[in-house]
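Tertiary structure, described
Here is what each chain is made of, one letter per residue.
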Amino acid sequence: MATSRLQSEDQFLCSICLDVFTDPVTTSCGHNFCRTCIIRYWNSIDLCQCPICTQKFQTRPELRVNTFIVEMAAHNPDQCPAKPGEVSCEICTETKLKALKSCLVCLTSYCETHLEPHQRVAALMRHKLINPVENLEDRMCKIHERLLELFCKTDQICVCVLCIKTDHKTHYTVLLEEEFGEMKGKIEAEVQQKIQERLKKVQEIKHSLELSKRNSEREISDSAQVFTALMRSIEKNQAELIEVIEMKQKAAERRAEELVKELEQEITELKRRSTELEQISHTEDHLHLVQSFPSLCSPPLTKDWSEISVHSDLCVGTVRRAVSQLEETLMSEMKRLCDAELKRIQQYAVDVTLDPDTAHCKLILSEDGKQVRHGNTRQNLPDNPKRFDSAINVLGKESYSSGRFYYEVTVTGKTEWNLGVSTESVNRKGTVTLSPDNGRWAVILRDGSTYTACSPSRVRLSLREKPQKVGVFVDYEEGQVSFYDVEDRSHIFSFTGYTFTEKLYPYFSPYHNDGGKNSAPLIISHVNHTD
């Protein structure tokens, strides 16, 4: 019997912590404790003695592992305390041991010791025992108090055998184990699919991070080249300016030396004549003095003293030319940077087609959906929630809710136009305000030469060239919308720091025909990738 076969539960309890032994050790007096418990006990008292028999020790005895208790625990795993996640015996009052079986009649789980009556008493031996499970009540039919052993596929619920005879006679039922096996297969397949999806996402993130790292290194290198070129230009112009000023200073010094020498000679001559004058004055030969007066007088000073100074206006002019050259260098480097930037973002080119269901009734779209112009005459088109009824607008068919995309639009011959991107929820009826606050990120042209970025506070743009082809680039995650002059290879404007939360659509407006002055179409162009 189990009681004669197994040791008493108390034999596996530490007398200090009153719990199952952890790392059991034996003292020299033969009593057993947890190693940590006995050491902690000895540390708390002045005398070293046994907690059970109070035998005193001169020195702390050597603690030896109690192999018997360890081996008993190893040979009787069912008698070990229940670990987290394991079903515990519901009869144990102190240490909850691991349950060996659960009784469907008693609705109780038992360890091997407390299960013994079910193996000995005839009435209890008729009870149905199953492997230990938690919450037995939840596994029983509330109506018939029978085990839920079947699964009704019709109603998708667990049922007992008596339920089949009453409410589920015509339903398709299978054993719960069979349904579990089928469901387990589906769950495992779904889990594996999700694992693969996440592994793929991890690889995408790593790849994206690597691309980001390479782009950052490239941008650092490009910016270093720009600033190096600017520094060289500044240093060169500064050196040239210093050289010019120093040359002018040396020339002024040479001329000053010449003038000083001439003046010193004149001073000597004047002193000589002054002496002659003094001699004549002593003889009182007034007639001779009057007659010789012209020869005694020196000519007036006529030298231009300004030529010996370095004029500030000459320095300013040199600095002005240096700054102008610096500006040219800066523009050249900026253009080179923009060209490299355009080459990188053109790899994100997408095929954009105009959506006729969104087009204002006065807009005329080409058959291929790549061109749009204002036709003056209102067309008889079906009204729908997607169509703009007031603003002369049309959206692209394609939407984007992640990543990056780029497209180009030819605007040659246009005096007015709007280009950019729009959210899906933008107002299609009535007046439409161009602003990110209203779901629009756009750049517009008015009166043939006035370019404006439609930010919350309008920004007037100063462009060196009139764009003939405009590139639009969007980075969804970065919240960025940028515009470029494709042919001039220059940057027009960027909206940055936004958070996109819905689909974005390419947005176009050829604007009003203006009596034929603005009749040219907007054309979605093929992107020519450059090496």
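Preceding block: the structure.
These lines cover the structure that appears in this document, whether it is placed above or below.

The next subject is the nonpolar core. Grouped together as the largest cluster of nonpolar side chains are 35 residues, with contacts concentrated most on W417, V481 and F508. When neighbours within four sequence positions are excluded, W417 is seen to be in contact with V411, V443, I444, L445, R446, Y451, V470, S509, Y511 and L522. If you look at the next biggest cluster of nonpolar residues, it comprises 14 residues, including F21, C34, C50 and F57.

Another point: the pairing of strand β19 (residues 480-485). β19 sits mainly inside the fold: 5 of its 6 residues count as buried. Of the pairings in the sheet, the one linking strand β18 (residues 469-475) to β19 comprises 6 bridges and is antiparallel in character. Paired with V470 across the bridge in β19 is D485. Connecting the antiparallel pair β18 and β19 is a turn made up of 4 residues, with G479 showing a positive phi of about 65 degrees. Of the strand pairs in this sheet, β19 and strand β20 (residues 490-495) are connected by 5 bridges, and their pairing is antiparallel. Across the sheet, Y484 pairs through a bridge with H491, a residue of β20.

Once that is clear, we can look at the pattern of salt bridges. One pass over the full model with this rule turns up 14 salt bridges. E204 serves as the salt-bridge partner of K201, at 3.9 Å between the closest nitrogen and oxygen. Within this pair, K201 and its partner E204 are both found in helix α7 (residues 176-283), separated by 3 residues, close to a single helical turn. Classification of K201 as partly exposed rests on a relative accessible area of 48%. With a relative accessible area of 37%, E204 lands in the partly exposed category. Residue K386 pairs with D355 through a salt bridge whose shortest N-O separation is 3.1 Å.

The next point concerns the environment of I16. By the secondary structure assignment, I16 is in the loop between α1 (2-5) and β1 (24-26). I16 sits in the partly exposed class, given a relative accessible area of 31%. Along the backbone, I16 and N32 are 16 residues apart, and their C-alpha atoms lie at a distance of 9.8 Å. Contact partners of I16, with chain neighbours within four places excluded, come to F33, C37, I38, Y41 and P51.

Taken residue by residue, helix α2 (residues 35-44) has C37, I38 and W42 as its buried positions. The buried residues of α2 occupy one face: seen down the axis, they fall within an arc of 125 degrees. Facing away from the buried side of α2 by over 90 degrees, the exposed positions are R40, N43 and S44.

Turning next to the sheet that holds β18. Taken in spatial order, the 7 strands make up an open sheet running β10-β11-β22-β13-β18-β19-β20, and their pairing is antiparallel. Looking along the sheet, the strands with just one partner apiece sit at the ends: β10 (363-365) and β20. Between one strand axis and the next, the sheet turns by 20 degrees as a mean value, whatever way the strands run.

Counting buried residues along β18, 7 of its 7 residues qualify, which places the element largely inside the surrounding structure. Residues K469, G471, F473 and D475 of β18 are buried on one face, and the alternating residues V470, V472 and V474, pointing to the opposite face, are buried as well. Here strand β13 (residues 404-410) pairs with β18 via 7 bridges, running antiparallel. From the neighbouring strand, R404 faces β18, where its bridge partner is D475.

This next bit is on the packing of aromatic side chains. With the rule as written, the count across this model stands at 10 aromatic pairs. Between W42 and F57 the ring centres are 6.4 Å apart and the planes differ by 70 degrees, which places this aromatic pair in the edge-to-face class. With W42 in helix α2 and F57 in the loop between α2 and β3 (64-65), the pair connects residues that are 15 residues apart, well separated along the chain. Comparing W42 with F57, the two get one shared label, buried. A ring pair is formed by F483 and F495, whose centres lie 6.2 Å apart and whose planes are at 70 degrees; its orientation type is edge-to-face. Taken as a pair, F483 in strand β19 and F495 in strand β20 lie far apart in primary sequence, 12 residues in all.

Conventions adopted
- Residues numbered from 1 in each chain as written.
- Predicted model: local features only at pLDDT ≥ 70, side-chain atom pairs only at ≥ 80, totals over all residues.
- Heavy atoms only, no water.
- Core = buried A, V, L, I, M, F, W, Y, C linked by side-chain atoms within 4.5 Å.
- Buried < 20%, exposed > 50% of the residue type's maximum accessible area, 1.4 Å probe, protein only.
- Contact = heavy atoms within 4.5 Å.
- Helix = DSSP H or I, 4+ residues; strand = E, 2+ residues; numbered from the N terminus.
- Pairing = 2+ DSSP bridges.
- Salt bridge = Lys/Arg side-chain N within 4 Å of Asp/Glu carboxyl O.
- Arc of directions from axis to C-beta.
- Axes fitted to C-alpha atoms, helices over the stretch in contact; angles between N-to-C directions.
- Phe/Tyr/Trp six-rings, centres within 6.5 Å; stacked < 30°, edge-to-face > 60°.

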